[in-house]
Amino acid sequence: AQSVTQLDSQVPVFEEAPVELRCNYSSSVSVYLFWYVQYPNQGLQLLLKYLSGSTLVKGINGFEAEFNKSQTSFHLRKPSVHISDTAEYFCAVTPSNTGGFKTIFGAGTRLFVKA
Amino acid sequence: SAVISQKPSRDICQRGTSLTIQCQVDSQVTMMFWYRQQPGQSLTLIATANQGSEATYESGFVIDKFPISRPNLTFSTLTVSNMSPEDSSIYLCSATPGGQNTEAFFGQGTRLTVV
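Notes on the structure in this doc start here.

The rules behind the values
- Residues numbered from 1 in each chain as written.
- Chains lettered and ligands numbered in written order.
- Predicted model: local features only at pLDDT ≥ 70, side-chain atom pairs only at ≥ 80, totals over all residues.
- Heavy atoms only, no water.
- Helix = DSSP H or I, 4+ residues; strand = E, 2+ residues; numbered from the N terminus.
- Rg over C-alpha atoms; globule rule 2.2 N^0.38 Å.
- Buried < 20%, exposed > 50% of the residue type's maximum accessible area, 1.4 Å probe, protein only.
- Contact = heavy atoms within 4.5 Å.
- Areas by Shrake-Rupley, 256 points an atom, 1.4 Å probe, with all protein chains shown as cover.
- Salt bridge = Lys/Arg side-chain N within 4 Å of Asp/Glu carboxyl O.

### Considering the overall build of chain B
And step 1. When its secondary structure is counted, chain B shows 0 helices and 11 strands.
And step 2. The order of α-helices and β-strands along chain B, N terminus first, is β-β-β-β-β-β-β-β-β-β-β.
And step 3. A compact globule built from 115 residues should have a C-alpha radius of gyration of about 13 Å, and chain B, at 13 Å, falls within 12% of that.
And step 4. Each principal axis of the C-alpha atoms in chain B carries an extent, and together these give about 40 × 25 × 20 Å.
And step 5. Buried residues in chain B amount to 52% of all 115 residues.
And step 6. Taking contacts inside chain B between residues at least 6 apart in sequence as the whole, the part at least 24 apart equals 53%.
And step 7. Approximately 5,300 Å² of chain B is accessible, and the part contributed by carbon and sulfur atoms is 47%.

### Some points on the overall build of chain A
And step 1. Across its full length, chain A holds 0 helices and 12 strands.
And step 2. When the elements of chain A are put in sequence order from the N terminus, they spell out β-β-β-β-β-β-β-β-β-β-β-β.
And step 3. In summary, chain A has a C-alpha radius of gyration of 14 Å against a globular reference of 13 Å for 115 residues, a match within 12%.
And step 4. If you line up chain A on its principal axes, its C-alpha atoms span 45 × 30 × 20 Å.
And step 5. Per-residue burial over chain A gives 45% buried out of 115 residues.
And step 6. A separation of at least 24 residues holds for 56% of the contacts in chain A among residues at least 6 apart in sequence.
And step 7. Accessible surface for chain A amounts to roughly 5,400 Å². Of this, 51% is attributable to carbon and sulfur atoms.

### As for the side chain of B:Ser89
All names here are of chain B.
And step 1. Looking at where Ser89 falls in the secondary structure, it is placed in strand E9 (residues 89-96).
And step 2. With a relative accessible area of 4%, Ser89 lands in the buried category.
And step 3. In this structure Ser89 touches Arg36, Gln37, Gln38, Thr110, Arg111 and Leu112, once residues within four positions along its chain are discounted.

### Describing the pattern of salt bridges
Residue and element names in this part refer to chain A.
And step 1. Applying the stated criterion to the full structure yields 7 salt bridges over all chains.
And step 2. Put simply, Arg77 and Glu66 hold a salt bridge, and the shortest N to O gap is 3.6 Å. In this pair, Arg77 is assigned in strand E9 (residues 73-78) and Glu66 in strand E8 (residues 64-68), connecting sequence segments 11 residues apart.
And step 3. With its nearest N and O atoms 2.8 Å apart, the salt bridge here joins Lys78 to Asp85. Judged on exposure class, the residue Lys78 and its partner Asp85 are both buried.
And step 4. Each of the salt bridges in this network shares a partner with another, and the network as a whole consists of Glu20, Glu66 and Arg77.

Here's what the structure looks like:
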């Protein structure tokens, strides 16, 4: 079985400050890794994904994440946040042995950017 | 990519009644899923909607409560049957195109309130 742990339920940060949202996963098989963002009253939107290759992946809106296999982590970072980044962020994994289809989500981290 | 239209976007229902949620994808997709997101929580997979056969349900979810249809590669429905206030949640449809594209696309969700 797979599990995803997002270590922070809420992260308050001032505008233009850097931010890191932490994600650890557990799996007995190889996985694909994702970060999704959910703005208030909206569905989920993909920020970035890691399938293979370079462990540093860049996504939309200036976000990036680094896959660390030894630490089973996939932390999300942004060097300078904006008020508009206030949202819920979900880390997710898809076990590659299901054909990469069945996605398991973490509990979410609420990022709150203050002026 | 895949654009998913989900309706209704929200509804308020009386306990004991049933609601059917529709999910339409703008392209043929391999996999479709239904998730539940309870207030302030993460996404929980209800079932995988299989084209032309019975859905595959996750632990804790049963067909009598959440019947699912998928008549073709672009459309699925989820029915929430005999509703109680505990069924008040956001229900999200998700689709994965398949092949090398492992990204899960999401509808905007249906916000259900049972009174």
